[in-house]
Amino acid sequence: MSEEIDLKTSEQLELIRAHKAAIVADLDVHRIIPFLLEQLVLSHDDKQRIEHEVTLEDKSIMLLNILETKAAIESNQDLLPIFIESLKKEYDWLHKSLTETTDAPDSKGLHIPSEEDDNVFESPKHHKVKIMLEAGGVNCPLIAVERKQLVETTRTELKHLKRGQYLVIQGMAGCGKSVLAQQALNSAHLIKSVFPDGVYMLCIGKECSDSKDGLMAKMRILCEKLEETRAPISLEHGAELLRMAFMKRTKALLVLDGVWRSEVIRSLDVGTATMVTTRDVSIMDVVHGRVKELRVDSGFSESESLELFRKSLNFARVEDLPDSARSIHHTCKGSPMVVSLISSLFQDHPDEINDEGRWIYYLESLSKRRYSKIRKNRDYEHESIYDAISLSVDSLTEKKRNYYYDFALFQDDVPVPCPVLQVLWSLERYEVEDIMKHFVRKSLICEELHPSRNWHVYSINSLQLDYLKYQLQCTASDNEDVGSPEQRLHQRLINQYLAKCENFYDRLPDDDYIYIFLGYHLYKSRKFSLFPEIYLNLLFIGEKLRLVGPADLLIDLRKYHEFIVGEDEERMRLIEEVQGFTELIGHIKFGQEDLDIVQLALQNPSFELLQKKARTLALSEPNRLYFEWVGADAKQWKNPESSTVCSDGVRCVKFVGNTGNHFLAGLNDGTIELCDLNSCGVVWRFSGHTHTVQCIDTFESHPSSRHCSGNNNNTIGFKSKLVFLSTSDDGTCKLWTTLDSVIETEAHHHQSNFSRYHHHQNSSSGDNSPSPKVHQNKWTIFQKIQDSSSFTFEFHSGPVLCAEFSPSGREVVSLSTNEILVWSTTDGQILYKNSPSFSSTCSSSLTTSTTTLTPEPIFLNCHFGPATEQDRIPYIIIGTSNQLVLFSLHQTSVSASVEAHNMNLVAVLVSTDWICTVSAHDIALWKIERGESQTIIRRKSLSPRRSFPMIPFPNGGTGQEIKTEVDAKGIPWRGGSGQFLVPSNPSDRFLEDEDFTFKYKSSPSKYSLSVANPGNLAVTIDTGEFFVSLTREHIIPKRSAGLFQCAAITQDHELLACGTSVQKICLYNLQKREFLGEFNTHTGLLRCLDFSTVDEWTLLSGSEDHTVMVWDVKEEIIGRKLPQKGSNFASVFIDSCIVHESGHFLSMFSTDVNTIQFYRDSILIQETNRLKSEITVVCLSSCGKYAVFGTESGEIYHLPQVTMKPFSMRNNTIGKIELVSTALEDKIRILQFDPNSEFLIGISSFGSVLILKNFQPHFRWQLDNRHVIGLHFPFNKYVGFVCGHSKCFLPIVDLETKVEMKGWDGCEVGNVTCSTIRLDSTCLALGTSEHGITLCTLRFGVGVLKSVVISTKQKSAIVSLAFSPDASKLAVGHKNGLIMIWGFSGSSYSEQQSLVLHKSQIRQLLFAPFEIGDRRWLVSCGDRLAVWTVEREFTLSQPVEQIQKTSFMAERRRRKSGDSRPSSRLSLELPQGIKIGKQGKRELLNSFSFRGTYAHHVVSDSSFSKFITVDDTGIYYLLRIMKQVDHL
């Protein structure tokens, strides 16, 4: 068969090719494209490809090529006949020539199917078209009878239904309107041909019709179905949102099921084809003239009722049914709902389906409660519907009926998890499931299994819910003191939850419900006094943040603000602090169970009231460990103003709107989220890209005629809209439109008063918007993620990395890694295309220069050059790997490039007269010059490596060692980026026509260089009409750790922000050419930055950690007061000689301004003047008497005696500093005193060792350039050097005589990364990257006696080690953050315990010097500081099984004696002084989160109750354990 199809397709192709010349000459493709689109022969992508051709002939050729390709690939023999049929009306001569018989006797034209033929699109081959029904199909009842005539009539009316028109299915309650609508839509042909953009169904119901809040909830659900993620805030706002959404879905159908009031129709009149089911057609008067009515006056026919009974009750034939079945049909007049309900009642009694008595019982019940009486207004009595429902409800036992009535406290479209019902009914899970299964069988409840929690969730039909709520109203009492039945029902739910958690609100169960809807039930129960008690409870705040995130809590706080605060001023201050605290740490706490909310509040001194609450909680828990940050100063660090959690890693961010309160975030999964700064939440989600979003650019259009063809072949005007552009790794650029008014309204929404959501207690209306988070209903249908963009440009051959609007917005420049395109936003036509290879050195014009071509240039950035006075954009600016390239837009052959930097370009930022380029290592400023071609001043352009002669740096140096001699102008120069000279001061600039003398000082060699008129880099293009020249005038070197990764600049181009690879943001003032400072940001890779266009001091940062942070950089612009500490510090604890007086820490820090500071605890006591040489290492003796530091140039300095007086600028500045030695010529890496402070060991970066005795050179020793990773003093006046890298070496040297003991050369162990020594100096442990742990046994007089290698199961490298004081434990820290505890048993160590918390490498491990209580404590330092309890070894001789049995028998004896179970409160379980962690991780006592990314090491006091450290951002921490009990 396939061969026949291929043969027929080949014949069709030959026929088309034979007439190709005639078709190309005569055909205007615009006349037939609509027909081909309608018949699904062409897609919209095909249409775009055809439209991009210039002439009609080229468009015709493109059309034929597309048709031939599709026919050949798909072997589709029906495709070309449809094309020929499209020619019949206006090109009959072409049609005739293609269909008539040719001269060959057995050759015929193509057969064109007629309407009588089978639909060619029913073939499976044609199911590839993009017209599938949203989310599959319509869910019809499993057992149903189709009323064929009504179904066919409904489908006929739907086929002729136009946009803005209504088809109303009118009938009595229970007549089967909803099933009829579903059966009519259960047609693939109807959906494909009439509603290819999808069918969207909403179950409205009476409560929703009567309540504006309920209708608002439905609008939100519909917005989610349409993937329009901005939640409506009013009925008018919701209608506008839906109208915009349906404008993109012109062939969609909206189904409104069970509408009761005209207000619903008015609010949901959104301009799309709509089908409505209702009892009262008068509700459609508001859309008079656009309504088609379809009456369902009768119910089932007798045969249809009996057929439903037969199917439901499993009778073989209709004739087998009892006669009462026919009587029931006649009594209820064939009501589909009644027939279905009675069928379900019989299903509970399968043995009685032939019992005539039960049939008569149901017949008599119907006879007594007739519900089908018609009133004059064509409506039916309300009681008739409830009577029908009560037939099923009344058949329940009284106990189960009461259970069912409890569902009245829940809401439409809100799934109720099984654990909620367990709490409400005080039943076990399986009891609840049995009860609910009974309701499910009676069609009273819908059931579905939770995909991840392994429990069932339930939902009730809106009509049944109306019935339950009506029953509550009917039982209402006139006694106001008692409260309404609904209020009492909500009170019971609240009371059950409070009893469950014993009024500890943080112990509310995690059931995916109560933390979201608690506020709603409190409001409905009128328990307003609980609002401040719960929502100002710090522990509850922590759990709510962990489970539902910061956005939900923030909006709850605003929504119930009136009840939380009341008239209490202190509560007002407290709730403001809670909001600020949530914005600051909410994203950190979300999903993190190991982070203690009390500890997080304790370490945030900015929130005084909240910290006071936390302190009270901490002191009330004697068995919990908490850190107190002594002397915490908020000026040390920088907090984000707010943090927003996105659904995936953030790749790009962009401020939007006129208020500065919203931004767009492009994510790794291809989604773009519109976020609000006030709520820290996502308010809108744009879907369309299938891969990572790389770039976002915005353009605010003004009233104009500019438009663009949309994805659904719509013409979308951009008048008065915010348009934004996105690029993606999926190879597309997309245009999106957003009404400014929507963003403005959203901003007003978050500032609205609480009265918008609630009425006072005397109000009769309820709140049907229980939570700020509208959850997707699992039972709603027609869900499918759709492309919501207005236009897609798909002509890039690879991932699109960058794109930008032109100043007029009429063009876009976009680029992939090797392709540049400029295209029109009007019609998507390509205006410019270039895939060049260009010179790796500068040339003024490719047309006039001989260049060496780079075969595969990598483009990274693209920008339009500044427009001329005539609004012309003559050129574009491209950033490549390390080059800056200019392309002329008017002459594609004219371009020029220059090596702008030695390292990869990160960003190119363009202003009117300047261009700022940021590479991974430095910043350059380029002056733009423009003029007419004849005025151009030719100049020689140099690449960076030709700018200055290269200086041979000694020992492979990078040029950082250059010392400077200033000239008459006083401008110093030094080694900078790469291997060439740059100014040492960022404010200094390259000056022309000046002579500079550079000198490099180093022993034993000296280098000097004189450069006259160094010349600036330049790149120029000349088109013959004009020239553009870029001249590099300034270089600003990087002043921070890590490499630049991203950059952003303010609108006035004065302030530059650069993000680094170590998650810091560096700020530069470009006008003053100065570095303003840096601060730490995210925990994940920093990807993007953007400044606000409204407030130039507001900065966005996005990261792979799924967060976007907002920063206020005003203080950095003004300048900070104190120098920032470096992570290089030394600290010792000095015990006090005075009784009852505690000791203190003496700490020594280097700063970012190259000074040294001394602190006593948290008090600054001394600071040096700024030093000339860069400080690399600092060191204090163990007694605190001596302080030394080393420099970049190999110098060692000694500081005089440190005073203990508080710091003052007048008398505490350290004066003379003593130079101890300059013997080490290279950077000092290690300085360390021996335990007696007699010897000082200094080690350079190349393994040169200098031993000083009493600060006098003693001897010098060379370690053969071994990389020293640590020093140990195993014996008195002996030092061991641990050398790592590829070969480990362990020499042990006598400090007095320089005599070596037997060392150890561990070539077989590989790369050694860390080391530690036992307290008794008998064993040295070495950690490696691949080969586990090496234990070296040491003996005085011998050295290394033996070594043993212990393998570890972990593949991650070992990066830290620590012995316990008694050597019974060895703590091993891995690079992946895992800590393993090895226990000593017999003669070797083995793994006993794993400690899991850290997410990055363990920098240091530190055991307590004694047992605290009966536990051994361990401190780990890395991305946070954590305190652990290490398991003690079993001292019992019996086996584990016997130990467990003993525990079991103890429990049995307790039960027999009648003793009660011990309280669950920790303070009652454990003696005072014993600390344990939270349930589930008892070994983790607590952790302290650093402001920065990590801390290198930590120092403890003698009591192990105080700790001091500095993180990588220079923040100083003095931590004290609260209520620490003395170990004695």
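Up top is the structure.
Every value quoted in this text rests on a predicted model; they were computed, and no experiment measured them.

Caption draft 1: Fine view of the sheet that holds strand E25 (residues 859-864). Strand order across the open sheet formed by four strands is E25-E26-E27-E28, with antiparallel pairing between neighbours. Edge positions in the open sheet fall to E25 and strand E28 (895-899), since each of these has one partner strand only. On average, each strand axis in the sheet is tilted by 20 degrees relative to the strand beside it, whichever way the strands run. Direction of pairing for strand E27 (residues 883-888) relative to E28: antiparallel, over a ladder of five bridges.

Caption draft 2: Highlighting the state of the cysteines. Per the counting criterion, the structure on display carries zero disulfides. The closest cysteine sulfur to the non-disulfide-bonded Cys-802 is located on Cys-862, 3.7 Å from its own sulfur. Look at Cys-802 and you get buried, because its relative accessible area is 10%. A relative accessible area of 0% places Cys-862 in the buried class.

Caption draft 3: Looking closely at helix H27 (residues 538-548). Here H27 lies mainly inside the structure; nine of its eleven residues are buried. Lining the buried residues of H27 we find helix H25 (514-525), helix H26 (530-535), helix H28 (550-559), helix H30 (569-589), helix H31 (597-602) and helix H32 (608-619). In this structure Asn-537 caps H27, since a side-chain oxygen of it lies 2.9 Å from the backbone nitrogen of Leu-539. Positive phi appears at Gly-549, one or two residues downstream of H27, with a value of about 95 degrees.

Caption draft 4: The arrangement of the sheet that holds strand E74 (residues 1495-1500) in detail. One open sheet accounts for four strands, arranged E9-E76-E75-E74; its pairing is antiparallel. Where the open sheet ends on each side, the last strands, each with one partner, are strand E9 (627-629) and E74. Across the sheet, the mean angle from the axis of one strand to that of its neighbour is 30 degrees, orientation sign disregarded. Judged from the five bridges that link them, strand E75 (residues 1506-1511) and strand E76 (residues 1516-1521) form a sheet pairing that is antiparallel. Bridge pairing in E76 places Phe-1507 opposite Leu-1519.

Caption draft 5: Region of the structure containing the packing of aromatic side chains. In this structure the tally under the stated criterion is 54 aromatic pairs. Ring geometry for Phe-1044 versus Tyr-1068: centroids 6.3 Å apart, planes at 90 degrees, classification edge-to-face. Note that Phe-1044 is positioned in strand E38 (residues 1044-1049) and Tyr-1068 in strand E40 (residues 1064-1069), a separation of 24 residues in sequence. An aromatic cluster is built from Tyr-403, Tyr-404, Phe-407, Phe-410, Trp-425, Phe-439, Tyr-513 and Phe-517, whose rings are joined through pairwise contacts. Above the ring of Tyr-523, the side-chain terminus of Arg-526 is found at 5.0 Å from the ring centroid. A cation sits over an aromatic face here: Lys-1125 above Phe-1149, 5.8 Å from the ring centre.

Caption draft 6: The packing of H25 against H27, seen in detail. Running from amino to carboxyl end, H25 crosses H27 at an angle of 125 degrees, the nearest separation of the two axes being 10 Å. Considering their axes alone, H25 and H27 lie oblique with respect to each other. For the pair formed by H25 and H27, the contact residues are Tyr-515, Ile-516 and Leu-518 on the first element and Phe-540, Glu-543, Lys-544, Leu-547 and Val-548 on the second. Considering only residue class, the contact of H25 with H27 consists of six nonpolar, no polar and two charged.

Caption draft 7: Inspection of helix H9 (residues 177-185) at higher detail. Where burial is concerned, most of H9 is hidden: seven out of the nine residues are buried. The set of residues buried in H9 consists of Lys-177, Leu-180, Ala-181, Gln-182, Gln-183, Ala-184 and Leu-185.

Calculation criteria
Residues numbered from 1 in each chain as written. Predicted model: local features only at pLDDT ≥ 70, side-chain atom pairs only at ≥ 80, totals over all residues. Heavy atoms only, no water. Pairing = 2+ DSSP bridges. Helix = DSSP H or I, 4+ residues; strand = E, 2+ residues; numbered from the N terminus. Axes fitted to C-alpha atoms, helices over the stretch in contact; angles between N-to-C directions. Disulfide = S-S within 2.5 Å. Buried < 20%, exposed > 50% of the residue type's maximum accessible area, 1.4 Å probe, protein only. Contact = heavy atoms within 4.5 Å. Polar contact = N/O pair within 3.5 Å; in protein donor to acceptor, adjacent residues only side chain to side chain. Phe/Tyr/Trp six-rings, centres within 6.5 Å; stacked < 30°, edge-to-face > 60°. Lys NZ or Arg CZ within 6 Å of the ring centre and 35° of its normal. Parallel < 35°, antiparallel > 145°, perpendicular 65-115°, else oblique. Nonpolar A, V, L, I, M, F, W, Y, C, P; charged D, E, K, R; others polar.

Everything listed here is a matter of coordinates, which is why it stays silent on function.
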